[in-house]
Amino acid sequence: MEKRTREYLQVTDEHSDRVAGINTSPLRPELSYCFYDDLALKGIRVDQLQPGSISCSFTIPPRLTDRNGDLANGAIATFVDLIGGALLHEMDVPMKVSVDMSISYLSTAKINDELEITAKLLGGKGAYNGTLVHVKNKASGVLIAEGRHSLFSKPVSKI
């Protein structure tokens, strides 16, 4: 059993070459840069943006799949975190901090499947807010994952 696990986790030359070939230039150099966020969100399209909701489309690239060719759970968690957080972002105000994420993984998606990712504001009290993020297969309408994301911002001092 241990030998099979080691073989499964072994990094191949093909995997190394795929990672080495990734272009990681920041979209806006003046912002603090995060390689992982750029890697996960490269290619996402915002379809609709309204107060309290956002809808995006995304075609699954090979870089975000596991060895079975399914969308990686970590990529789904990144969508919940970043798109749920982007829903609450305000210009010139520090980003809110994730307090809790709860994700239900309901189905899988394959390379080149088109996703519809929607986030809605559930509400908030003071500096605490909650969002709901749905990840669906755009063609079939199958719900792939549902995530609830709680965020907190440090209140601005009135002194």
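Conventions and cut-offs
- Every chain's residues receive numbers from 1 upward, in the order its sequence appears when written.
- Residues qualify for local features only when their pLDDT is at least 70, as the model is predicted, and side-chain atom pairs are given and counted only at 80 or more; totals for whole chains, interfaces and linings, by contrast, use all residues.
- Side-chain figures throughout are based on the complete set of non-hydrogen atoms in the structure, without hydrogens or water.
- In this description, a nonpolar core means a group of buried Ala, Val, Leu, Ile, Met, Phe, Trp, Tyr and Cys residues linked to one another through side-chain atoms lying within 4.5 Å.
- Burial here depends on accessible area, computed with a 1.4 Å probe over protein chains only, as a share of the maximum for the residue type. Under 20% is buried, over 50% is exposed, and the range in between is partly exposed.
- Helix numbers and strand numbers start at the N terminus; a helix is a DSSP run of H or I with at least 4 residues, a strand a run of E with at least 2.
- N or O atoms closer than or at 3.5 Å make up a polar contact, with two conditions inside protein: a donor-capable atom paired with an acceptor-capable one, and, for residues adjacent in sequence, both atoms drawn from side chains.
- In this analysis, a patch consists of residues with relative accessible area above 30% that form no salt bridge, clustered at 9 Å for like charges and at 5 Å for the nonpolar side chains Val, Leu, Ile, Met, Phe, Trp and Tyr.
- Shrake-Rupley sampling with a 1.4 Å probe provides the accessible areas, and residues are treated as covered by the protein chains on show and by no other component.
- Any carboxyl oxygen of Asp or Glu within 4 Å of a side-chain nitrogen of Lys or Arg constitutes a salt bridge here.
- For this analysis, residues touch if any pair of their heavy atoms sits within 4.5 Å.
- Within 6.5 Å between ring centres, the rings of Phe, Tyr and Trp (the latter by its six-membered ring) count as paired, and their orientation is classed by plane angle as stacked under 30 degrees, edge-to-face over 60, tilted in between.

## As for the nonpolar core
- Core analysis: the largest hydrophobic core is formed by 20 residues, its most contacted members being Leu-71, Phe-79, Ile-83, Leu-115 and Ile-117.
- The set of elements that each furnish at least two residues to this core consists of strand E2 (53-59), helix H4 (73-86), strand E4 (114-125), strand E5 (128-137) and strand E6 (143-152).
- Sorting elements by how many residues they give to this core places H4 first, with five residues.

## Notes on the environment of Lys-138
- Secondary-structure assignment places Lys-138 in the loop between E5 and E6.
- Along the chain, Lys-138 and Asp-113 lie 25 residues apart, while their C-alpha atoms are 7.9 Å from each other.
- At a separation of 2.7 Å, a polar atom in the side chain of Lys-138 contacts the side chain of Ser-57.

## Quick notes on a nonpolar patch on the surface
- A contiguous nonpolar surface patch, about 280 Å² in accessible area, is contributed by Val-99, Tyr-128 and Phe-152.
- Of note, Val-99 is situated in strand E3 (residues 97-105).

## Re the environment of Tyr-105
- Looking at the element boundaries, Tyr-105 is found in strand E3.
- Residue Tyr-105 is classed as partly exposed on the basis of its relative accessible area of 37%.
- The spacing of Tyr-105 and Asn-73 is 32 residues in sequence and 7.8 Å in space, taken between C-alpha atoms.
- For Tyr-105, the residues in contact, after removing those within four places along its chain, are Asn-73, Ile-76, Ala-77, Ile-144 and Ala-145.
- For Tyr-105, the side chain forms a polar contact with the main-chain oxygen of Asn-73, separated by 3.4 Å.

## Thoughts on the packing of aromatic side chains
- The full count for this structure, using the stated rule, is one aromatic pair.
- Centre to centre, the rings of Phe-58 and Phe-79 are 5.3 Å apart; their planes meet at 70°, and the pair counts as edge-to-face. Taken together, the residues Phe-58 in strand E2 and Phe-79 in helix H4 connect sequence positions 21 residues apart. Residue Phe-58 shares its accessibility class with Phe-79, and that shared class is buried.

## Some details on the side chain of Ser-55
- In this fold, Ser-55 is placed in strand E2.
- The contacts of Ser-55, once residues within four sequence positions are left out, are Arg-45, Val-46, Asp-47, Gln-48, Glu-116, Ile-117 and Thr-118.

## Points about the pattern of salt bridges
- Using the criterion set out here, one finds four salt bridges in the structure.
- Note that Lys-138 is salt-bridged to Asp-47, the shortest N-O span being 3.8 Å. On the criterion of sequence distance, the pair formed by Lys-138 in the loop between E5 and E6 and Asp-47 in strand E1 (residues 45-50) is long-range, its members being 91 residues apart.
- The structure contains a network of salt bridges with shared partners spanning Arg-45, Asp-47, Glu-114 and Lys-138.

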